[in-house]
Amino acid sequence: AWAFATAGERAPELFDTIARAVAPRLGEFKAQGLANVAWAFATAGERAPGLFGAIARTAEQRVDEFSSQGLANIAWAFATMGVRAPALFGAIACAAERRVAEFNAQDVATTVWAFATAGERAPRLFVVLARSAEPRVDDFSPQGLASTSWAFATAGERAPGLFGAIARVAERQVDEFSSQGLANMAWSFATAGERAPGLLNAIARTAEQRMDEFSSQGLANTAWAFATAGERAPGLFGAIARTAEQRVDEFNPQEVANTAWAFATAGERAPGLF
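Below: a short report on this structure. The structure displayed is predicted, hence computed values, not measured ones. (Residues numbered from 1 in each chain as written. Predicted model: local features only at pLDDT ≥ 70, side-chain atom pairs only at ≥ 80, totals over all residues. Heavy atoms only, no water.)

With that settled, the discussion passes to the pattern of salt bridges. Oppositely charged side chains may form a pair once their charged atoms are brought near each other. The full count for this structure, using the stated rule, is 14 salt bridges. Residue Glu157 pairs with Arg121 through a salt bridge whose shortest N-O separation is 2.5 Å. Residue Glu157 is found in the loop between α9 (142–155) and α10 (160–172), and its partner Arg121 is found in the loop between α7 (105–118) and α8 (123–133); the two are separated by 36 residues along the sequence. In this structure Glu157 comes out as buried when scored by relative accessible area, which is 11%. For Arg121, a relative accessible area of 57% corresponds to the exposed category. As a salt-bridge pair, Glu268 and Arg232 come within 2.9 Å of each other at their nearest N and O atoms. You can see Glu268 sitting in the segment after α15 (253–266) and its partner Arg232 sitting in the loop between α13 (216–229) and α14 (234–246), a full 36 residues away along the chain. The exposure class assigned to Arg232 is exposed, which follows from its relative accessible area of 56%. (Salt bridge = Lys/Arg side-chain N within 4 Å of Asp/Glu carboxyl O. Helix = DSSP H or I, 4+ residues; strand = E, 2+ residues; numbered from the N terminus. Buried < 20%, exposed > 50% of the residue type's maximum accessible area, 1.4 Å probe, protein only.)

Relative to the assigned elements, Ala38 resides in helix α3 (residues 31–44). In this structure Ala38 comes out as buried when scored by relative accessible area, which is 0%. Once the C-alpha coordinates of Ala38 and Leu51 are considered, the two residues, 13 residues apart in sequence, prove to be 8.6 Å apart.

Turning our attention to the nonpolar core. Grouped together as the largest cluster of nonpolar side chains are 106 residues, with contacts concentrated most on Phe78 and Met185. Filtering out sequence-adjacent residues up to four positions away, Met185 remains in contact with Leu145, Ala146, Ser149, Ile166, Ala170, Phe177, Leu199 and Ile203. (Core = buried A, V, L, I, M, F, W, Y, C linked by side-chain atoms within 4.5 Å. Contact = heavy atoms within 4.5 Å.)

Once that is clear, we can look at the packing of aromatic side chains. For the structure on display, the rule yields seven aromatic pairs. Between Phe15 and Phe41, the ring centres sit 4.9 Å apart and the planes meet at 85 degrees, which makes this aromatic pair edge-to-face. Of this pair, Phe15 sits in helix α2 (residues 12–22) while Phe41 is found in helix α3, placing the two residues 26 residues apart along the sequence. Measuring from ring centre to ring centre gives 4.9 Å for Phe126 and Phe152, while their planes differ by 80 degrees; the resulting arrangement is edge-to-face. Of this pair, Phe126 sits in helix α8 while Phe152 sits in helix α9, and the two are 26 residues apart along the sequence. The same class applies to Phe126 as to Phe152, namely buried. Among the aromatic residues, ring-to-ring pairing joins Phe237, Phe263 and Phe274 into one connected group. (Phe/Tyr/Trp six-rings, centres within 6.5 Å; stacked < 30°, edge-to-face > 60°.)

Right, dumping it as structure tokens:
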């Protein structure tokens, strides 16, 4: 399962067969095997609710056997597939709080993203991970920085020290972010109410040159973020207006509304777009 998922080879019948064979035999699997199976099905996008239910029940009882990466990956798998498993997430949170020193930057980013995406509240876990991550934000990849800030903002968990550290590092690395990463970073700081004018200015300069890489959601979220944060960026708004005007049919109703609101709130004229 891991091999086919990693190779990107579609094999739905094979995954169905594996799911049926694995579910009654999960007691034979090591913790890493459980994490790998869940990760593989989520990566391949293969739905297997019965298998995930069985994995949740088994993993919950054996949570202390998982490595930090295993804890992060199994949480990621359930969040990615949209499978509700509150008891499993609760067990993962408790284990991660006790073993936070074992979590590297990728583990932290993956774990907070998973909890935020799954809508699982774990305020103590977020506090512990924020304290752990703040002094070593230089270890995070650009995607990790964006995922972490997005997760804290989405979960509504305050972490001003962590956001400040992320802002300083991200500002230096802004050219390494994907378009989605730039949009998510701006959205996160605006949603969390964290002031970071230097970072937002850097995002504006970079995004303005890369408008063709942005999705409709990215364009809408970026405009919304700058308007919400009260950051003036006429060049960026001009670039968004020109791009959105040509691609307006790609916008869903929420994106149309958010973009219009952002331009009105920011006081930016865009007659062609409107």
